[in-house]
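Chain by chain, the residues run as shown.
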Amino acid sequence: MRARDKAAVSALRATLAALDNAEAVPVDEAELRGLALEQSPVGVGVTEAARRELSERHVVDVVRAEAAERLEAAAQLTAPAHADRAARLRSEAAVLLRFLDGHGTA
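Residues numbered from 1 in each chain as written. Predicted model: local features only at pLDDT ≥ 70, side-chain atom pairs only at ≥ 80, totals over all residues. Heavy atoms only, no water.

### Section: the environment of Leu 89
Summarising the element assignment, Leu 89 is placed in helix H4 (residues 83–102). When its relative accessible area of 6% is taken as the criterion, Leu 89 is described as buried. Separated by 20 residues in the primary sequence, Leu 89 and Glu 69 place their C-alpha atoms 9.1 Å from one another. The contact partners of Leu 89, leaving out residues within four places of it in the chain, are Arg 70, Ala 73, Ala 74 and Leu 77. (Helix = DSSP H or I, 4+ residues; strand = E, 2+ residues; numbered from the N terminus. Buried < 20%, exposed > 50% of the residue type's maximum accessible area, 1.4 Å probe, protein only. Contact = heavy atoms within 4.5 Å.)

Right, dumping it as structure tokens:
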């Protein structure tokens, strides 16, 4: 990372965001409508919800899905003008798959 490997940084940032999204608690439709202003909760943290804790298997699945998404997008970029973008996507997928293989979770 110190060498500023842009593909690795991009892949890891996007994957961390995907993991963060996977930890989010589903919101009920009734909660989206909200309350009247006078019924709104007051105070710091009153609207915070506990995050879901992901199992190691779920984390591996999210990382693997991120890699697959990049490989699929790269496969669709067949025009010569998109060769650089496709190569970058393949490089990002390789970073994610190496990360999985390197931790014995493949």
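### Points about the packing of helix H1 (residues 6–22) against H4
Remark: H1 packs on H4, axes separated minimally by 8 Å, with the N-to-C direction vectors making an angle of 65°. With respect to their mutual orientation, H1 and H4 come out roughly perpendicular. Pair H1 / H4 crosses with right-handed handedness. Contacts between H1 and H4 involve Lys 6, Ala 7, Ala 8, Ser 10, Ala 11, Leu 12 and Thr 15 on the former and, on the latter, Arg 88, Ser 91, Glu 92, Val 95 and Leu 96. Its residues assigned to classes, the contact of H1 with H4 comprises six nonpolar, three polar and three charged. (Axes fitted to C-alpha atoms, helices over the stretch in contact; angles between N-to-C directions. Parallel < 35°, antiparallel > 145°, perpendicular 65-115°, else oblique. Left-handed = near helix turned anticlockwise from the far one by under 90°. Nonpolar A, V, L, I, M, F, W, Y, C, P; charged D, E, K, R; others polar.)

### A word on H1
Given a rise of 1.5 Å per residue, 17 residues ought to cover 24 Å, and the 24 Å separating the end C-alpha atoms of H1 matches this to within 8%. Those residues of H1 lying buried are Ala 7, Ala 8, Ala 11, Thr 15, Ala 18, Leu 19 and Ala 22. Down the axis, H1 shows its buried residues gathered within 100° of arc, on one side only. Turned more than 90 degrees from where H1 packs its buried face, Lys 6, Arg 13, Leu 16 and Asn 21 sit exposed. On its buried face, H1 is in contact with helix H3 (56–76) and H4. (Expected span 1.5 Å × (residues − 1). Arc of directions from axis to C-beta.)

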